[in-house]
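# Fold and contact review
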Amino acid sequence: MERIMQVSGAMDNWLDPAQSNVGGQETLVNVPMNRDRFEVEAMPHLNDLFRTASRVLGERSRAEDVVQEVFLQAWKSFDRFEPGTNCRAWLFKILFHCMNHHRRKWYRFPLLREKEEFLEANLTSVEPIPEHLTDEDILAALDRLPGDYRAVVMLVDVEEFTYKEAAEILGIPIGTVMSRLSRGRKGLRDLLETVAKEYGLNRAPKESRR
Amino acid sequence: MMPDQPLDLENMKRLLKRAMESQPVPADLEARVRNRIRESEQAAAVSKPFWPRWQVVAFTMAGAAAVAAAVALFVPALPSNSDQRNYIARVSAQASYLMRVGLGDHIHCAIFRKYPKAAPATKTLKAALPAAYSGAFDVVQKNVPSGFRPYVSHQCRYDGRQFVHLVVKKDDQLLSVVVATRKEGESFPASQLVPGLRQAGLSFYQDRAEDYQIAAFEAKGHLVYVISRMPAERNLQVMVAMAQGLQESLPNL
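Residues numbered from 1 in each chain as written. Chains lettered and ligands numbered in written order. Predicted model: local features only at pLDDT ≥ 70, side-chain atom pairs only at ≥ 80, totals over all residues. Heavy atoms only, no water.

### Thoughts on the confidence of the model for chain B
All names here are of chain B.
- Of the residues in chain B, 84% reach a pLDDT of 70 or more, and the chain-wide mean stands at 82.
- Model confidence for chain B, summarised as mean pLDDT per element, is weakest for helix H3 (residues 53-74) at 62 and strongest for strand E7 (residues 222-228) at 95.
- Within the model, the stretch residues 1-6 combines pLDDT values under 50 with 19 contacts to residues more than four positions away or in other chains.
- This complex was scored by the predictor with a pTM of 0.47 and an ipTM of 0.70. (pLDDT = per-residue confidence, 0-100. Helix = DSSP H or I, 4+ residues; strand = E, 2+ residues; numbered from the N terminus. Contact = heavy atoms within 4.5 Å.)

As structure tokens, this is what we get:
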């Protein structure tokens, strides 16, 4: 926790919503800090942020620390946040920025080389697979995706951000979001298919009709 | 387990969302976030630029005078009985009939109350309850959010109904667990049923009045409430966490 606090000063500029274009906001004006507004606009997203952080970081205690830090930073900058703009996207941007700050210390995103190995190993099957999968199976498969793909899949497919918002949150081009999403989805699908096969439960549509 | 279906994109998204939502969120995380913010504000206030000494003295004296005036004007700090009744009536009117039972008790016995600085000993608190509800105390104590401690336990009677009431507290946050006797035929309205949520055969109900959140269930001749100013979801989580234990510990009426 102390470590997180030490770097928070370096995030001040980034955290200024006036400099953020998340949610398509072009111009923001100063508004008075408002605790009630923070409660209404920011706090309801706490669970989603924690769950995303937990999956990205792979450790609940770290996710707890990061989420606290995210809300603290958001609160400090909230007087400059315009009501009605996309607070949720803004919070997620802070979240990913916080997580990136600690990447060297304990981020578990695999390196690019690992990503390529993952693709070679996994992007082969196009068979549909059944839904005999528990939440644990799905989360385990999600965890096996390379971190960059996992982040995009979670932002677009779970949190339902647009490509543009996901690109803003992650600070990457939209084209990169799209390609990571495509590969991430495919990788996830193949991993789930493998799990289903291991269970011996895999029955493709043709087989199930026999 | 789900029926066989091809895992198309929409299915995969749905499964992903379901799996993500299955991850439990720490019960006290929201409270910890608020504490961090509060601590940060306090730290910021302390580190404000210092003023010249004469200003400090002047402001201190002015502040002391203001506090003295406020104390003179507002002692006793608690509202008068009629003010309390008016407030309870006004707030309760926003909740459904059966939810008012718990809410009224919470406001009357938990909100309009002075608290000791330190939480009383568990032994003292348990001694204030009928022996049959001793187990309920243990369940509450075991399941309250992190940092909350029991401050009040008592039984009272109002409108022909007996109440066992536990108040847990953390800083200025209060949470009541109210166990009231259930009269014949009483049931929470179906419109307040929390859809899709059942645990140990119990159904849960929710309501709110102003910023009070009420979660409740029916068990063994009792109506059980958790009431606080925490967010509705959090309040409900606390209720669900202790529901089964409470149901098992409550005496049959």
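What follows picks up the thread again.
### Here we look at helix H10 (residues 147-158) of chain A
Residues and elements named next belong to chain A.
- Counting buried positions over the 12 residues of H10 gives 12, a clear majority of the element.
- Here H10 has its buried residues at Gly147, Asp148, Tyr149, Arg150, Ala151, Val152, Val153, Met154, Leu155, Val156, Asp157 and Val158.
- One or two steps after H10, the chain reaches Glu160, where phi turns positive at roughly 60°. (Buried < 20%, exposed > 50% of the residue type's maximum accessible area, 1.4 Å probe, protein only.)

### With respect to the pattern of salt bridges
- Scanning the model with the defined rule gives 22 salt bridges over all chains in all.
- Here A:Arg88 ties to A:Asp48 by a salt bridge, and the two come within 3.9 Å at their closest N and O atoms. With A:Arg88 in helix H6 (residues 87-101) and A:Asp48 in helix H4 (residues 46-57), the pair connects residues that are 40 residues apart, well separated along the chain.
- One salt bridge in this structure joins A:Lys186 and A:Asp190, with 3.8 Å as the shortest N-O distance. In this pair, A:Lys186 and A:Asp190 both sit in helix H12 (residues 174-199), 4 residues apart, roughly one turn of the helix.
- For A:Lys186, a relative accessible area of 29% corresponds to the partly exposed category.
- Each of A:Glu39, B:Glu30 and B:Arg34 takes part in one network of salt bridges that share partners. (Salt bridge = Lys/Arg side-chain N within 4 Å of Asp/Glu carboxyl O.)

### Quick word on the pairing of strand E4 (residues 193-199) of chain B
Residues and elements named next belong to chain B.
- With 3 bridges joining them, E4 and strand E5 (residues 202-209) adopt antiparallel strand pairing. Of the residues in E5, the one forming a bridge with Gln199 is Leu202.
- Taking the residues that link successive antiparallel strands as the turn, the E4-E5 hairpin has 2 residues, and the phi of Ala200 there is positive, at about 50°. (Pairing = 2+ DSSP bridges.)

### With respect to the packing of helix H11 (residues 163-170) of chain A against H12(A)
Residues and elements named next belong to chain A.
- The interhelical angle for the contact between H11 and H12, taken along N-to-C directions, is 100°, at an axis separation of 9 Å. By the angle class used here, H11 and H12 are roughly perpendicular. Packed against H11, whose contacting residues are Tyr163, Lys164, Ala166 and Ala167, the element H12 presents Ile174, Val177, Met178, Leu181 and Arg185 at the interface.
- Taken together, the residues that form the contact of H11 with H12 break down as 7 nonpolar, no polar and 2 charged. (Axes fitted to C-alpha atoms, helices over the stretch in contact; angles between N-to-C directions. Parallel < 35°, antiparallel > 145°, perpendicular 65-115°, else oblique. Nonpolar A, V, L, I, M, F, W, Y, C, P; charged D, E, K, R; others polar.)

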